[in-house]
2 protein chains.
Amino acid sequence: MNKLSRILITVAIPLAILLIPVPAGLSVTAWRLFALYIAAILGIMFRPYPDPVILLAVIAVSSLWLNNIGVALAGYASTTTWLVFTAFMVGQAFSDTGLGKRIAYILIGKMGRTTLGLSYVAALTDLVLSPATPSTTARTGGLVYPIFRSIASTLGSEPGPTAKRLGAFLSVLLYQISMATGALFITALATHPMVVSFAKDLLKIDITWMLWAKAMAVPGFIVLAVTPYLVYKMFPPEIKQIDNQEIANRGMAEIGPMSVKEKILAGLFVLAIIGWSTGSITKINSTAVAVGFVAACLVTGVVSWESLLKCKGAWSTLIWYGGIISLADGLAKAKFFVWFAGALGKSISFDGYGTLTVLLGLLALSLVVRYFFASQAAYVSSLIPVFFTIGLVAKVPVFPLALLLGASSVFGSQLTHYGNAVGPVLFGPGYVDQVTWWKIGTVMVVVNCIVYLGVGLPYWKLLGLW
Amino acid sequence: MNKLSRILITVAIPLAILLIPVPAGLSVTAWRLFALYIAAILGIMFRPYPDPVILLAVIAVSSLWLNNIGVALAGYASTTTWLVFTAFMVGQAFSDTGLGKRIAYILIGKMGRTTLGLSYVAALTDLVLSPATPSTTARTGGLVYPIFRSIASTLGSEPGPTAKRLGAFLSVLLYQISMATGALFITALATHPMVVSFAKDLLKIDITWMLWAKAMAVPGFIVLAVTPYLVYKMFPPEIKQIDNQEIANRGMAEIGPMSVKEKILAGLFVLAIIGWSTGSITKINSTAVAVGFVAACLVTGVVSWESLLKCKGAWSTLIWYGGIISLADGLAKAKFFVWFAGALGKSISFDGYGTLTVLLGLLALSLVVRYFFASQAAYVSSLIPVFFTIGLVAKVPVFPLALLLGASSVFGSQLTHYGNAVGPVLFGPGYVDQVTWWKIGTVMVVVNCIVYLGVGLPYWKLLGLW
């Protein structure tokens, strides 16, 4: 689709919404804000411009037309936005100091003798980094992938005839791993804070960092633990054994002895995780911990301001994420979702269906639609509030609703190679064909469903969450 | 002073403040926030780290210690912050498209035959750009200076023995001009929105874009009109005549024919100025106009998102400016300034002094202190609230108070070569010695005082502002 038609879609649908008479029970402002919200989501889906440009444009239209600049900018002071923004910068520190690489090479030296072992090294490295790097492109695409890609290259596996020796396996595996670790922590995926924020606004529940981590720990770790093995079985690399000592030694030689900066970063990282995991006791806000983490990295010289200025992903995210949060909060404050729930309750009856049936239906729906979303953020910002509202109307217990849809917002990305932003990074080089990628992803989504329903739901019951 | 002592000062003084028992009538939170505010200002003054790092650190301490992340981040949703941030980006558009250069070369061709004419070209170019480029480093340092510096070079005037031929004159002149245009519009200087915000919080007056422009128009334009002439008389360049046609033609040839982007930018620029100047009638917020301007530049392709991501000044400003605004707003909300005014009223009596005497005293004070401030932002954020409060206690009419101190916050920079951030850019290359620079600046400050007091005050009376 060319740029012009993408612009047209982004503009025409919201205009059509505006032509519909304002539904009874809804303010004119709420309806207009809804049209602008749809414009933002269509813009993120069809991308006639980069995401931040879309959001700046929608904010501009909103504040010029609705005279609501206060509402339009509110998201930039939101703790949700800042949690994501500052954690992005932490990723830069891991990359700048070489600590991310070091963790990987240590693990390769210890347990990477076979390619199956190597696949667990990839999972562990990604896991270690995940609590503080919500950007999958930064974590898996920027830190983990380059290391494993270079191992594949070293062993003579390049896109093309030699792909199946190792590179193809590692590419598809890393995507599955990145989504598996992404489910574990609020700070492991950029869209999770948004899910939590919707849960707070719509379901009236407070999901702390620790609560999320505890709830995901059992099903999430099971998925992460079986992922390398299953991918290995489904799509085995031709190379089975590697000279991991040589690779580890060469890698370690390249990054040199552990620097003071790395040690400080490791210390701060541990402190941040303690801060996040004790937040429900200390009442220290998780965003405050993240800001403190970044500030400490800067003050101790672990990372320089110049380097953070070059971290374009962080700045772009600040702008589009803040904008989306402004609009979503504005809609919530304008009582749009309350009206939506009311309208839904009047027109659809869930009587006769058990709440579990509705929950399963929502889960299925949340997966099917993912084929149409090339952006995790577009999916979360547009459909999570809808699914939450439906669940609320059908009286589905709120915690399982939020957690299950939170998890499926990550693993749903595995259905395609474009579901999450790191997909194109790993798929792009061309080690793997699309059919193989989608097949493995589909199997893994089924595995996720089984684990989250079969283990997750009972475990959450055990935790007293429903 | 080395980095360690600068860190020590920044930390020790706030700690000392915290050791003082909380004054009666003030909450503990307000007192702690005040200590953090002082830390931020000391940090900006002594710069142990870049400004954004200072503010991130203070925000981190505030939100971890005082558990006030909402307060600490509020400034990032402030229209004040966003006005400055987005206008910074507009400066990038002027530079990217070449429109800034084109304006200069057209004027050089038309009226730059003598070096006196050339100096008026510099003033006009800076004036044209000033309504939408609050960054003096971007406007004068980034756009205007390179053109005039290259003219000096072409005519064989370099730092050293040939400096006085032309380059020395142009360097010192551009600084004086930049401050003169900086007074004219709220959007012509990064710190003006902060002054306006303090005026709103403390003096309870609403200074719109148009009101400021109208109030500054008469005294400000007089200053701008006499500046080139006076500097020319005080510090004449040896070269009197130049081949301006050749310079203009060469410059125009280099940038080529006017592009569509430049035309769009020119159109958007006119629209933005209309938007700002009619804001008091249309009730459209000036920040909404600025966001609209940037969004329109992006959507029409006048400037790319990639290019804005590289505009480091804008991002750094967003972070430190938003942080300062958070803290200042937080202090105001914690009733710190109300308490301060009360305490001041109890301990100092202004009886027997006319309000005009107090105003003159404040003006004098606002200038004397500038020798100690290497940052305009540090001066404005620390002393403007103090001066406003003193003026309020002494019952000085609020509009003259705000406008005169607003103007002196700019022209006070002319006393030194470090008063405003563009100073080092122009002074740095070494065309002019410090004594000459300070002498000319001092004369121009006297001229400013005469004009603002002799013409400004009566004119503001005429406008009904007191």
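Nothing here was measured: the structure is a model prediction, and the numbers come from that model.

*Asks:* If you had to explain the relation of the copies chain A and chain B to someone new, which residues and values would you point to?
*Replies:* One copy of the chain maps onto the second through a rotation around an axis plus a translation along that axis. For these two chains of identical sequence, chain A goes onto chain B by a turn of 180° and a shift of 0.0 Å along the axis, with RMSD 0.0 Å. The transformation just described matches what one would write down for a two-fold rotation axis. A symmetric contact is evident, with 100% of the interface residues of chain A recurring at the interface of chain B.

*Asks:* Account for the packing of aromatic side chains, naming residues and giving values.
*Replies:* Summed over all chains, the structure comprises 44 aromatic pairs over all chains. When the ring of Phe-185 of chain A is compared with that of Trp-209 of chain A, the centres are 5.5 Å apart and the planes differ by 15°; the resulting orientation is stacked. Of this pair, Phe-185 of chain A sits in the loop between helix 9 (167-182) and helix 10 (192-203) while Trp-209 of chain A sits in helix 11 (residues 209-234), and the two are 24 residues apart along the sequence. Pair check on accessibility: Phe-185 of chain A and Trp-209 of chain A agree, each one buried. A centroid spacing of 5.7 Å and a plane angle of 40° characterise the contact between Tyr-371 of chain A and Trp-438 of chain A, whose relative ring orientation is tilted. Note that Tyr-371 of chain A is positioned in the loop between helix 19 (355-368) and helix 20 (376-393) and Trp-438 of chain A in helix 23 (residues 434-462), a separation of 67 residues in sequence. Residue classification places Tyr-371 of chain A among the partly exposed positions, given a relative accessible area of 33%. Site record: aromatic cluster; members linked through ring pairs are Tyr-76, Trp-82, Phe-85, Trp-305 and Trp-315 of chain A together with Tyr-76, Trp-82, Phe-85, Trp-305 and Trp-315 of chain B. When the ring centre of Tyr-379 of chain B is taken as origin, the NZ or CZ atom of Arg-370 of chain B, which lies over that ring, is 4.5 Å away. One cation-aromatic arrangement involves Lys-461 of chain B over Trp-466 of chain B; the distance from NZ or CZ to the ring centre is 4.4 Å.

*Asks:* I'd like a description of unusual backbone geometry, backed by residues and values.
*Replies:* The backbone phi angle of Lys-283 of chain A is positive, close to 65°, even though this residue is not glycine. Following the sequence through the fold, Lys-283 of chain A ends up in the loop between helix 14 (279-282) and helix 15 (286-299). Residue Lys-283 of chain A is classed as exposed on the basis of its relative accessible area, which comes to 56%. Phi is positive for Lys-204 of chain B, close to 60°, though the residue is something other than glycine. By the element assignment, Lys-204 of chain B lies in the loop between helix 10 (192-203) and helix 11 (209-234).

*Asks:* Describe in detail the pattern of salt bridges, supporting the description with residues and values.
*Replies:* Once their charged atoms are close, side chains differing in charge can pair, the charge on each being opposite to the other. Residues and elements named next belong to chain B. In this structure the tally under the stated criterion is twelve salt bridges over all chains. Salt-bridge contacts for Arg-47 lead to Asp-51; the nearest nitrogen and oxygen are separated by 3.0 Å. Its relative accessible area of 36% is what places Arg-47 among the partly exposed residues. Using a relative accessible area of 10% as the deciding quantity, one classes Asp-51 as buried. With a closest N to O distance of 2.5 Å, Glu-262 and Arg-102 form a salt bridge. With Glu-262 in helix 13 (residues 260-277) and Arg-102 in helix 6 (residues 99-111), this pair connects stretches of sequence that are 160 residues apart. In this structure, Glu-262 and Arg-102 share a single accessibility class: buried.

*Asks:* Give a description of the interface of chain A and chain B that names residues and reports values.
*Replies:* Facing 41 residues of chain A, the contacting portion of chain B comprises 41 residues. Summed over both sides, the interface between chain A and chain B buries roughly 3500 Å², with carbon and sulfur atoms accounting for 80% of that surface. At the surface where chain A touches chain B, the tally comes to two salt bridges. Among the salt bridges present, the one from Glu-306 of chain B reaches Lys-312 of chain A, with a minimum N-O distance of 2.8 Å. Summed over the shared surface of chain A and chain B, the number is eight residue pairs in polar contact (both at pLDDT 80 or more).

Conventions we followed
Residues numbered from 1 in each chain as written. Chains lettered and ligands numbered in written order. Predicted model: local features only at pLDDT ≥ 70, side-chain atom pairs only at ≥ 80, totals over all residues. Heavy atoms only, no water. Least-squares fit on C-alpha atoms with pLDDT ≥ 70 in both. Contact = heavy atoms within 4.5 Å. Phe/Tyr/Trp six-rings, centres within 6.5 Å; stacked < 30°, edge-to-face > 60°. Helix = DSSP H or I, 4+ residues; strand = E, 2+ residues; numbered from the N terminus. Buried < 20%, exposed > 50% of the residue type's maximum accessible area, 1.4 Å probe, protein only. Lys NZ or Arg CZ within 6 Å of the ring centre and 35° of its normal. Salt bridge = Lys/Arg side-chain N within 4 Å of Asp/Glu carboxyl O. Buried area = accessible area lost by both parts, 1.4 Å probe. Polar contact = N/O pair within 3.5 Å; in protein donor to acceptor, adjacent residues only side chain to side chain.

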